4 protein chains.
Amino acid sequence: MAFTTSILVRFGDLDAAGIAYYPNLVNFLHEAFEDFFAGHVGRPYPEVYREGVGFPTVKVEMEFLSPVRYGDRVQVGLTVERVGNSSVQIRYAGSVDGRAVFTARNVAVVVDMKTFRPTPLPAWLRERFEAAMDGE
Amino acid sequence: MAFTTSILVRFGDLDAAGIAYYPNLVNFLHEAFEDFFAGHVGRPYPEVYREGVGFPTVKVEMEFLSPVRYGDRVQVGLTVERVGNSSVQIRYAGSVDGRAVFTARNVAVVVDMKTFRPTPLPAWLRERFEAAMDGE
Amino acid sequence: MAFTTSILVRFGDLDAAGIAYYPNLVNFLHEAFEDFFAGHVGRPYPEVYREGVGFPTVKVEMEFLSPVRYGDRVQVGLTVERVGNSSVQIRYAGSVDGRAVFTARNVAVVVDMKTFRPTPLPAWLRERFEAAMDGE
Amino acid sequence: MAFTTSILVRFGDLDAAGIAYYPNLVNFLHEAFEDFFAGHVGRPYPEVYREGVGFPTVKVEMEFLSPVRYGDRVQVGLTVERVGNSSVQIRYAGSVDGRAVFTARNVAVVVDMKTFRPTPLPAWLRERFEAAMDGE
């Protein structure tokens, strides 16, 4: 994957079976997306968001391959699969100590947060997203 | 859809854009699944769960068609698409005042909560799930 | 209590011990506050919020008296204890089948959501909050 | 404070006003408690929890002094105020870039997770908790 981050499973992520509740693992995708900005794009996502560029999800697919437990450090890898004019498609893969725990794909639209309407991905962001595509 | 329930969008469901944060809408799927037990299956899910039958999600796909706002009552329809030996596949469709806001598909495995291993869907549950398939 | 509502404990509210995780019970206070608007104040809180009046919490105290379990319907009673110029203090009491499960007190400031600064509680809201004080 | 950790404010922590929703800041207390185990007690809380010692909260008090925003790194300080036979009282203070954002006090009971009944704090834990009291 083009970028990898690590997310610690907290008590608040667990369900009654003692494993991470799956909507909380969906939230991990967003946390990895945020870390991708800080670690790869070069500017924290909160800054970009405050300046008016948002990435609301329009589609998510996620497979849960193995239980994620309390205290696990999930390595989340991220690869940009497609950069459209005003959308991005990202693939995620989560693992714990080398054991695959989930794979996911997320499609987000780029929006102007003032209008919440699609807007072209700014050139500097496009460059950074494209640099996170496989084969780059 | 075979079964429909209504879920109110709470303040805690919102994100900084003032719309429902998408992992919280994923959680709505589980809430609709719970309501399906109370309203269609005929026994509350918490009872079934406590007796040792769980339905951990192994796959979810969800499309977000239109923003869901604070105070919206999301009508969530649910149809059983497939009942396997120890898995179920369910389609969900959410709408607000007739406007489609999401569609989703969830595949869950039936597990014995003592071992967290797949177990055949009990016959009485199979009958109720099959009664919620389209065309039944 | 001046107003009572009922909140169902969902799977997503649970922790690894199979009981409601306490920050989620703190969230129940806000849900009861929202229901208080719909059921007592006479206008849904989302409407009031969108028109620019918010009630951010500045202080919360909460005691957890007994575990809250999956599928419990928590009866949450609410009494207004104090209505200041631009603040309100509310007492909450939660019970399940007559068994007390929590008590809480919340102090919120009334703010203009455009500026996020304190603003006097509008007269029509003051009247409705005061009508929910004990002894009224 | 005896121990300090840093917690990043994520998109999922925000409310519609664009600040951290207060029940999510209550959850920060638990995350700081977990970090206290890893960073001060000397064993990760998930391990201790799995071996059967839990710390369910029986009381929390929290004051919110200043808004917490997206991307803030909240420094959470923790001091043990009291170690009882089977309970602990902990004070927390949160700040962002030196600006105080919350203070809190949490009382937790020590329980045997098999029975969910109070149990004496194990001696090795008592020693570590006492070492995090002011003036030690």
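A. Region of the structure containing the packing of aromatic side chains. Residues and elements named next belong to chain B. Throughout the structure, instances matching the rule amount to 80 aromatic pairs over all chains. Between phenylalanine 37 and phenylalanine 129 the ring centres are 5.8 Å apart and the planes differ by 70°, which places this aromatic pair in the edge-to-face class. With phenylalanine 37 in helix H1 (residues 22-41) and phenylalanine 129 in helix H3 (residues 123-130), the pair connects residues that are 92 residues apart, well separated along the chain. Note on accessibility: phenylalanine 37 and phenylalanine 129 belong to one class, buried.

B. Here's a closer look at the relation of the copies chain D and chain B. Mapping chain D onto chain B leaves a residual RMSD of 0.0 Å; the transformation is a rotation of 180° accompanied by 0.0 Å of translation along its axis. Within this description, the copies of the chain are treated as partners about a two-fold rotation axis. When the interface residues of chain D are mapped onto chain B, 100% of them again lie at the interface, so the same face is used by both copies.

C. Molecular detail of the relation of the copies chain A and chain B. Superposition record for chain A on chain B: RMSD 0.0 Å, screw rotation 180°, translation along axis 0.0 Å. Of all interface residues in chain A, 100% are interface residues in chain B too; the two copies therefore contact each other through one and the same surface.

D. Layout of the pairing of strand S1 (residues 3-8) of chain C. All names here are of chain C. Of the two faces of S1, only the one carrying Phe3, Thr5 and Ile7 is buried; Thr4, Ser6 and Leu8 on the other face are not. The pairing of S1 with strand S4 (residues 73-83) spans 6 bridges and is classified as antiparallel. Counterpart to leucine 8 in the pairing with S4 is arginine 73.

E. Region of the structure containing the interface of chain A and chain B. With 23 residues of chain A at the interface, the matching set in chain B holds 23 residues. Summing the contributions of chain A and of chain B, the shared interface buries around 1900 Å²; its carbon and sulfur component is 63%. The interface formed by chain A and chain B includes 0 salt bridges. For the pair chain A and chain B, the interface holds 10 residue pairs in polar contact (both at pLDDT 80 or more). Those elements that provide at least two residues to the side of chain A that touches chain B are helix H1 (22-41) and strand S3 (57-64) of chain A.

F. Highlighting the packing of H1 of chain A against H1 of chain B. One way to put it is that H1 of chain A packs onto H1 of chain B with a least axis distance of 9 Å and a crossing angle of 160°. Our classification of the angle between H1 of chain A and H1 of chain B gives roughly antiparallel. Viewed along their axes, H1 of chain A and H1 of chain B form a crossing whose handedness is right-handed. On H1 of chain B, the residues touching Tyr22, Pro23, Val26, Asn27 and Leu29 of chain A of H1 of chain A are Tyr22, Pro23, Val26, Asn27 and Leu29 of chain B. Split by residue class, the contact of H1 of chain A with H1 of chain B holds 8 nonpolar, 2 polar and no charged.

G. The arrangement of the interface of chain D and chain B in detail. Taken residue by residue, the interface counts 7 residues in chain D and 7 residues in chain B. Across the chain D/chain B interface, buried area totals approximately 640 Å², and carbon plus sulfur atoms make up 74% of it. Per-residue buried area on chain D facing chain B is highest for Phe11, Ala16 and Tyr21 of chain D; these three make up 65% of the total on that side. Our enumeration of links across chain D and chain B arrives at 0 residue pairs in polar contact (both at pLDDT 80 or more). Among the residues making up the side of chain D that touches chain B, the classes are represented as 4 nonpolar, 2 polar and 1 charged.

H. Looking closely at the confidence of the model for chain A. With 99% of its residues at a pLDDT of 70 or more, chain A has an overall mean of 97. Reported confidences for the modelled complex are a pTM of 0.97 and an ipTM of 0.96.

I. Fine view of the packing of H1 of chain A against helix H3 (residues 123-130) of chain A. Residue and element names in this part refer to chain A. Two elements in contact, H1 and H3, have axes whose closest approach is 11 Å; the angle formed by their N-to-C orientations is 95°. In terms of their interaxial angle, H1 and H3 are classed as roughly perpendicular. Note on element contacts: H3 touches H1 through Trp124, Leu125, Arg128 and Phe129, opposite Phe33, Phe36, Phe37, His40 and Val41.

Quick notes on the rules
- Residues numbered from 1 in each chain as written.
- Chains lettered and ligands numbered in written order.
- Predicted model: local features only at pLDDT ≥ 70, side-chain atom pairs only at ≥ 80, totals over all residues.
- Heavy atoms only, no water.
- Phe/Tyr/Trp six-rings, centres within 6.5 Å; stacked < 30°, edge-to-face > 60°.
- Helix = DSSP H or I, 4+ residues; strand = E, 2+ residues; numbered from the N terminus.
- Buried < 20%, exposed > 50% of the residue type's maximum accessible area, 1.4 Å probe, protein only.
- Least-squares fit on C-alpha atoms with pLDDT ≥ 70 in both.
- Contact = heavy atoms within 4.5 Å.
- Pairing = 2+ DSSP bridges.
- Buried area = accessible area lost by both parts, 1.4 Å probe.
- Salt bridge = Lys/Arg side-chain N within 4 Å of Asp/Glu carboxyl O.
- Polar contact = N/O pair within 3.5 Å; in protein donor to acceptor, adjacent residues only side chain to side chain.
- Axes fitted to C-alpha atoms, helices over the stretch in contact; angles between N-to-C directions.
- Parallel < 35°, antiparallel > 145°, perpendicular 65-115°, else oblique.
- Left-handed = near helix turned anticlockwise from the far one by under 90°.
- Nonpolar A, V, L, I, M, F, W, Y, C, P; charged D, E, K, R; others polar.
- pLDDT = per-residue confidence, 0-100.

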